Amino acid sequence: MMKTIGYATHSPTDTLQPFTFERREPRPEDVAIDILYCGICHSDIHSARNEWGGTHYPYVPGHEIVGRVTAVGDKVSKFKPGDLVGVGCLVDSCRHCAACEEGLEQYCDNGFTGTYNGEDKIGGTPHPFTFGGYSDKITVDERFVLRIPETLDPAAAAPLLCAGITTYSPLRHWKIGAGHTVGIIGLGGLGHMGIKFAHALGAHVVMITTSPEKGYDAQKLGADEVLLSTDKEAMQAAQNRFDFLLNTIPVGHDVDPYMALLKRDGTMVIVGAVEALTQVNGIPFIFRRRSMAGSLIGGLPETQEMLDFCGEHHITCDIETIEIKDVNTAYDRTIKGDVKYRFVIDMASLKQEAA
Ligand code: NAP
Ligand code: ZN
Ligand code: ZN
């Protein structure tokens, strides 16, 4: 076993504190990774505070991991020591159900293993549940390891592993491109990547935000227009305009004002509210045949496709790099929507702290 240092929380109301645990030694199909950077996803916070239920403590968050390979098992064919790699939200799945066979491991019929808080079916440590990337190293089956283009800044690439794929996947699934008017709702880690991808795919992009000051970044991120969702008149005037809406709001909310923005046959995809939506009226669906759908991260092949797309189009995330000791403040700021647009932990700070 490999001694690993990280940060964990021990209850829904604790802060994250230094924590030592074990990782498994690489098996023949495993890749051992020295973690360089890890993004802070709002899901890390929901789980730390047990807002979705089912969090096992101690809990080590982190599923936007970039690092360098330090060792590989005998059967590993895709990676070698020194490679720049990423690990996202998944570290295992059944590999034989219809979803896994299609490369849609996130929809595994037998349940995928999350990078953190997942039941560890591989074992090799005393810990029954997986620990995430707020740590100095990780051991992962090569099937769940991704290649990061060397042309990308590794810190700014880290959030692609969740925020990137979660926004890229629905835009691709609904075939968004030139001629579409797309609204991205909520400008945090996910939303700002939604804007970049929708723009790169050729759509006309509208940033839909509650924060007027984020509008100053609209053009830089790739938005053609800004719509302030708190401005009732502007929302009224924007009704029936959108082919597609990507809704990243992290809490339950009244969806009706957003549904009304869709054209006939338009779709709003919910990725943020992993909980009850407070009001869903049938009228906007029935009149104009609109749809509401959901989407969960992305499978391994599509995540690699997204990373290669970012390499070709020079797309990375806008980040604020922090030392790990500041992680609890970063959580508070993320909850307030006070992040432009993703916090990324520089894991050198963890290694220095432990030295
Ligand atoms: P984030 O960085 O906190 O961004 C969320 C943004 O939503 C905020 O910056 C804010 O943007 C807006 N917002 C916040 N509260 C709001 C409210 N009450 N009403 C309207 N807008 C509000 O979060 P994130 O990391 O992007 O994650 C967003 C959500 O997606 C989280 O719930 C996360 O757990 C979930 N998630 C889902 C998946 C998936 O696979 N489906 C994957 C990753 C994350 P403005 O200031 O622009 O209004
Ligand atoms: Zn995430
Ligand atoms: Zn499966």
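Draft legend 1. Looking closely at the coordination of the zinc ion (ligand 3). Each protein donor to the zinc ion (ligand 3) is listed here as Cys 94 (SG), Cys 97 (SG), Cys 100 (SG) and Cys 108 (SG); together their distances run 2.3 to 2.4 Å. Coordination at the zinc ion (ligand 3) comes from four donor atoms whose angles at the metal span 104 to 118°, giving a geometry best classed as tetrahedral. As a motif over one chain, the donors of the zinc ion (ligand 3) read C-x2-C-x2-C-x7-C. In this pair, Cys 97 is assigned in the loop between strand E6 (90-92) and helix H2 (98-101) and Cys 108 in the loop between H2 and strand E7 (113-114), connecting sequence segments eleven residues apart. The buried category is assigned to Cys 108, whose relative accessible area is 9%.

Draft legend 2. Broad picture of the packing of helix H4 (residues 163-173) against helix H5 (residues 189-200). Between H4 and H5, the shortest axis-to-axis distance is 8 Å and the interhelical angle comes to 45°. It follows from the interaxial angle that H4 and H5 lie oblique. Read as a crossing pair, H4 and H5 show a hand that is right-handed. Contacts between H4 and H5 involve Ala 163, Gly 164, Thr 166, Thr 167, Tyr 168 and Leu 171 from the first element and Gly 189, Leu 190, Met 193, Gly 194, Phe 197 and Ala 198 from the second.

Draft legend 3. Local environment of the layout of surface pockets. If you add up the space inside the second largest pocket, you get close to 190 Å³. The wall of the second largest pocket is formed by Ser 229, Lys 232, Met 235, Gln 236, Gln 239, Asp 256, Pro 257, Tyr 258 and Ala 260. The set of elements that each furnish at least two residues to the lining of the second largest pocket consists of helix H7 (232-237) and helix H8 (256-259). Broken down by class, the residue content of the lining of the second largest pocket amounts to four nonpolar, three polar and two charged.

Draft legend 4. The coordination of the zinc ion (ligand 2), seen in detail. At this site the zinc ion (ligand 2) is bound by Cys 41 (SG), His 63 (NE2) and Cys 162 (SG), with donor distances of 2.0 to 2.3 Å. Mapping the donors of the zinc ion (ligand 2) onto the primary sequence gives the spacing C-x21-H-x98-C. Residue His 63 is located in the loop between helix H1 (42-48) and strand E4 (65-72), and its partner Cys 162 is located in the loop between helix H3 (154-157) and H4; the two are separated by 99 residues in the primary sequence. The exposure class of His 63 is buried, given its relative accessible area of 8%.

Draft legend 5. Broad picture of empty space enclosed by the protein. This model, assessed by the stated rule, comprises three cavities of 30 Å³ or more. Its volume calculated, the largest cavity comes out at about 220 Å³. Lining the largest cavity are 19 residues, and of these Arg 23, Arg 24, Asp 120, Thr 130 and Thr 139 lie nearest its centre. Those elements that place two or more of their residues in the lining of the largest cavity are strand E2 (17-23), E6 and strand E8 (137-141). Classifying every residue of the lining of the largest cavity by side-chain character gives seven nonpolar, seven polar and five charged. Each pocket or cavity is described by its volume, and for the second largest cavity that value is around 70 Å³. Forming the walls of the second largest cavity are Gly 88, Cys 89, Leu 90, Phe 144, Leu 146, Leu 161, Ile 165, Ile 297, Gly 298, Gly 299, Leu 300 and Thr 303. Taken together, the residues that form the lining of the second largest cavity break down as eight nonpolar, four polar and no charged.

Scoring rules and cut-offs
Residues numbered from 1 in each chain as written. Chains lettered and ligands numbered in written order. Predicted model: local features only at pLDDT ≥ 70, side-chain atom pairs only at ≥ 80, totals over all residues. Heavy atoms only, no water. Donors = N, O, S within 2.8 Å, 3.2 Å for Na, K, Ca; no water. Tetrahedral: all angles 85-135°; square planar, octahedral: opposite > 155°, others 65-115°. Helix = DSSP H or I, 4+ residues; strand = E, 2+ residues; numbered from the N terminus. Buried < 20%, exposed > 50% of the residue type's maximum accessible area, 1.4 Å probe, protein only. Axes fitted to C-alpha atoms, helices over the stretch in contact; angles between N-to-C directions. Parallel < 35°, antiparallel > 145°, perpendicular 65-115°, else oblique. Left-handed = near helix turned anticlockwise from the far one by under 90°. Contact = heavy atoms within 4.5 Å. 1 Å grid on protein atoms, 1.4 Å probe; cavity = no way out; pocket = protein on both sides within 12 Å on 5 of 7 lines; lining within 4 Å. Points joined across faces, edges and corners; volume = space filled by probe spheres on them. Nonpolar A, V, L, I, M, F, W, Y, C, P; charged D, E, K, R; others polar.

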